[in-house]
Amino acid sequence: MKNINALQLDNVSTFVGKTVLVKNATFEVKPGEIIGLIGPNGAGKTTIMKTILGLMKFKGKVVVNGREVSENDHQALDKAGALIEHPAIYPFLTGKQNLTLYAHDQKDMVSLISDLQMSSYINNKAKGYSLGMKQKLGIAIALLNQPQIVILDEPMNGLDIESTIRVRKLIKRYSDQGTAFLISSHILSELQKVMTRVVLISRGQIILNKEVAEFEKISHQKYHLTTDNNKLAKKIFAAYQITFTANENYLIVSQKDIYKIQDLLFKEGIHLKEMLPLEANLEQIVVDILAEKRG
Amino acid sequence: MNTNFKREIYKFSHENIALYGLIVLIVTMTYNFFTKPITRQSLSYGFGTIEWIPLIVITVASAVFSMEYKNNTIIMLEYKTSSKYQIYFAKFWVVLIYSFFLTVIAFLLTLILSMFFNAARYDWLVNKNGNNLLNDLLINLAGALIYSFFSIGLSFMLIMLVKNNAVVVCFGIVLAFFGASFSRGLMQSFPNFIGTIKWNFLNMIFISQQLSNPSLSLKSNLSSVELIIANIVYGIIFVVWGYYLFKHRRV
Ligand SMILES: Nc1ncnc2c1ncn2[C@@H]1O[C@H](COP(=O)(O)OP(=O)(O)OP(=O)(O)O)[C@@H](O)[C@H]1O
Ligand SMILES: [Mg+2]
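Glancing now at the packing of aromatic side chains. Residues and elements named next belong to chain B. Taken as a whole and assessed by the stated rule, the structure comprises 28 aromatic pairs over all chains. Centroid distance Phe89 to Phe92: 6.0 Å. Interplanar angle 70°. Geometry classified as edge-to-face. With Phe89 and Phe92 both in helix α6 (residues 84–115) and 3 residues apart, this pair spans about one turn of that helix. An identical accessibility class is assigned to Phe89 and Phe92; each is buried. Consider the rings of Phe150 and Tyr234, whose centres lie 6.0 Å apart with planes at 80°: the pair is edge-to-face. With a gap of 84 residues between them, Phe150 in helix α7 (residues 133–162) and Tyr234 in helix α12 (residues 224–247) connect regions that are remote in the sequence. By relative accessible area, which is 0% here, Phe150 ends up buried.

Laid out in structure tokens, this is it:
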């Protein structure tokens, strides 16, 4: 069972009438993986998610936990949880009643309520909930019944800092237990803390599918350094044809030049105050890729 | 019991609309009782209840569907179930049972209210034209129930077609208050086509009065049996049409 993909898309194209919203999407999600599905507004993130849930007309193959999903067969989705666009909540029921509607196991439900700190209002009617309260309830519904795959569309929408951290921890914990996640978000820095892979979609097409670790590798080829005399350091780098970018307080250089730089600085009597590998700036990378695509 | 049906019952019993429908029924009946002259006919019509039940049913039926779209819960409903058939007909049965429940309440309330009234004037069991009053009331309520079936179908079909609750409710009101006279107007204006026009769906509303009062067939141009069959056939067509639209509607 271990090597069955939690989700697999093979050449999936989604249609509304004759319009193609998603074109030839192919990717897979392994158990425990957390995929960040990112892309500009209108790219097709929600559409892909709805397609996986058997809610759209599509061609190609969607397989969830080894079983094919079609518009008329949602059996494979028994162990799938989802929050699409807005939390699906009946306002005339209490939070708890909303959960009870789907919960198979009382204990599971109670622990989700406490994990998301909803106990104080869970017995109130949901129509009185704030945006974030509704969102948390929607996330709890998606996480009910120990799902094998969870699809979350903009899950952090409206959550305060503490709740965001709680949700993140919860996602990590579930993924450690083997639950796979497909999460869309615009706040990349938010996703970056949990996701293991990025799937980038633009105009209905998947244009990138990469492990986050790979991004980090690329970024780690750059170093960020500060010296006690940046001005002089810059002159020296220029003289020795070392490529760098700089601003008032620091310089960014390539990994390959590190030893040479250290030698030079030592010779010139400049003290190296700090030298760190650059943090992956996914946001910038994504913006660059999209800009490149647009040409 | 089917999970979908159980969920529908659970939701419906917690929704205010079910309660409001019941309150509207009780208030209108009581209002009619206190403000309008009480006749044998008004008793047999359950103090206007036969007009109100279908209207309440149309409103409730369209709300039961539109709230799923409004709350985005339709997504959960659809992805968790393979068959849209089950979703649709679970709702259908719930509203039909609710109509039956309203009819029973209307029956009991008619009896209770009439007790406050000088009961000697219209004895429930005294015959008139071979029918006693109790029978008339029951027959009219049965007619209202059949018309409720028609109304649920119409409401489900309309909500799938126009996707707007308010429009469906307005349509229901127009139907309840002007449907019959409009239909009669049509037949009077085109006497040559009465044979066809008499089958128009506006004419179906006669079922709630005509069954106890066969002379009304002069207005409806349909016999009581024809009315019953036509109502059921219309109801089925609407329900199936609504299902077809629902089946092809995407969230
Ligand atoms: N039912 C529909 N009929 C026609 N076009 C649609 C329909 N649903 C979505 N679209 C179109 O498909 C494209 C993708 O929409 P989608 O909602 O998947 O985008 P998204 O990536 O989720 O965007 P956002 O970040 O704004 O949520 C958009 O151009 C949208 O206009
Ligand atoms: Mg979206």
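Residue and element names in this part refer to chain A. Here 6 strands make up an open sheet; going across it, the order is β6-β7-β8-β3-β9-β10 and the pairing mixed. Only two strands of the sheet have a single neighbouring strand rather than two, namely β6 (80–83) and β10 (205–211). Direction aside, the axes of adjacent strands within the sheet are offset by 15° on average. As paired strands, strand β9 (residues 197–202) and β10 are joined by 6 bridges and run antiparallel to one another. By the bridge assignment, Ile201 is partnered in β10 with Ile206.

Residue and element names in this part refer to chain A. Ligand 1 sits among Val16, Leu21, Pro40, Asn41, Gly42, Ala43, Gly44, Lys45, Thr46, Thr47 and His186. Within the side chain of Lys45, one N or O atom sits 2.7 Å away from an oxygen atom of ligand 1. Measuring from an oxygen atom of ligand 1, one finds a side-chain N or O atom of His186 at 3.0 Å. Calculation on ligand 1 without its partners gives an accessible area of 630 Å², and the protein chains cover 58% of this total.

Listed per partner, the contact involves 28 residues of chain A and 22 residues of chain B. Buried area between chain A and chain B, both sides added, is near 2,300 Å², and the carbon and sulfur share of it is 58%. Considering only the side of chain A, the residues that lose the most area to chain B are Leu55(A), Tyr90(A) and Phe92(A), jointly responsible for 26% of the buried surface there. A salt bridge links Arg250(B) to Glu71(A), with the shortest nitrogen-to-oxygen separation between them at 2.8 Å. The greatest single-element share of the side of chain A that touches chain B, amounting to 3 residues, is contributed by β6(A). A per-class count over the side of chain A that touches chain B returns 17 nonpolar, 6 polar and 5 charged.

All names here are of chain A. Ordered by their spatial adjacency, 4 strands build an open sheet running β2-β1-β4-β5, and the pairing between neighbours is antiparallel. The open sheet is flanked by β2 (19–29) and β5 (67–69), the only strands paired with a single partner. Neighbouring strand axes in the sheet, compared pairwise and without regard to direction, differ in orientation by 20° on average. Summarising the sheet, strand β4 (residues 57–64) and β5 pair through 3 bridges and their orientation is antiparallel. Counterpart to Val63 in the pairing with β5 is Glu68. Together, β1 (7–16), β2, β4 and β5 form the strand contacts of helix α1 (residues 45–52), whose direction differs from that of β1 by roughly 110°.

This next bit is on the packing of helix α1 (residues 3–14) of chain B against α6(B). Residue and element names in this part refer to chain B. Put simply, α1 and α6 touch, their axes get as near as 9 Å, and they point 45° apart. In terms of their interaxial angle, α1 and α6 are classed as oblique. The interaxial crossing formed by α1 with α6 has right-handed handedness. On the side of α1, the interface is formed by Asn4, Phe5, Glu8, Ile9, Lys11 and Phe12, while α6 contributes Gln86, Ile87, Ala90, Lys91, Trp93, Val94, Ile97 and Tyr98.

Turning next to the domain arrangement of chain A. Residues and elements named next belong to chain A. Partitioning chain A into structural domains gives domain 1 (7–214) and domain 2 (221–294). Using C-alpha coordinates to define each centre, domain 1 is positioned 40 Å away from domain 2. Each partner contributes residues to the interface: domain 1 has 13 residues there, and domain 2 has 8 residues. Here domain 1 meets domain 2 over a buried area of about 840 Å², counting both sides, of which 76% is carbon and sulfur. The largest contributions to the domain 1 side of the interface with domain 2 come from Leu188, Gln192 and Ile207, which together make up 47% of the buried area. Across the contact surface, domain 1 and domain 2 share 0 salt bridges. Where domain 1 meets domain 2, there are 0 residue pairs in polar contact (both at pLDDT 80 or more).

Another point: the environment of Tyr88(B). Residue and element names in this part refer to chain B. The residue Tyr88 is located in helix α6 in this model. The exposure class assigned to Tyr88 is buried, which follows from its relative accessible area of 0%. In contact with Tyr88, not counting residues within four places along its chain, are Phe65, Phe156, Phe238, Val239, Gly242, Tyr243 and Phe246. At a separation of 3.2 Å, a polar atom in the side chain of Tyr88 contacts the main-chain amide nitrogen of Tyr243.

Criteria and thresholds
- Residues numbered from 1 in each chain as written.
- Chains lettered and ligands numbered in written order.
- Predicted model: local features only at pLDDT ≥ 70, side-chain atom pairs only at ≥ 80, totals over all residues.
- Heavy atoms only, no water.
- Phe/Tyr/Trp six-rings, centres within 6.5 Å; stacked < 30°, edge-to-face > 60°.
- Helix = DSSP H or I, 4+ residues; strand = E, 2+ residues; numbered from the N terminus.
- Buried < 20%, exposed > 50% of the residue type's maximum accessible area, 1.4 Å probe, protein only.
- Pairing = 2+ DSSP bridges.
- Axes fitted to C-alpha atoms, helices over the stretch in contact; angles between N-to-C directions.
- Near = heavy atom within 4 Å.
- Polar contact = N/O pair within 3.5 Å; in protein donor to acceptor, adjacent residues only side chain to side chain.
- Areas by Shrake-Rupley, 256 points an atom, 1.4 Å probe, with all protein chains shown as cover.
- Contact = heavy atoms within 4.5 Å.
- Buried area = accessible area lost by both parts, 1.4 Å probe.
- Salt bridge = Lys/Arg side-chain N within 4 Å of Asp/Glu carboxyl O.
- Nonpolar A, V, L, I, M, F, W, Y, C, P; charged D, E, K, R; others polar.
- Parallel < 35°, antiparallel > 145°, perpendicular 65-115°, else oblique.
- Left-handed = near helix turned anticlockwise from the far one by under 90°.
- Domains from an automatic or database assignment.

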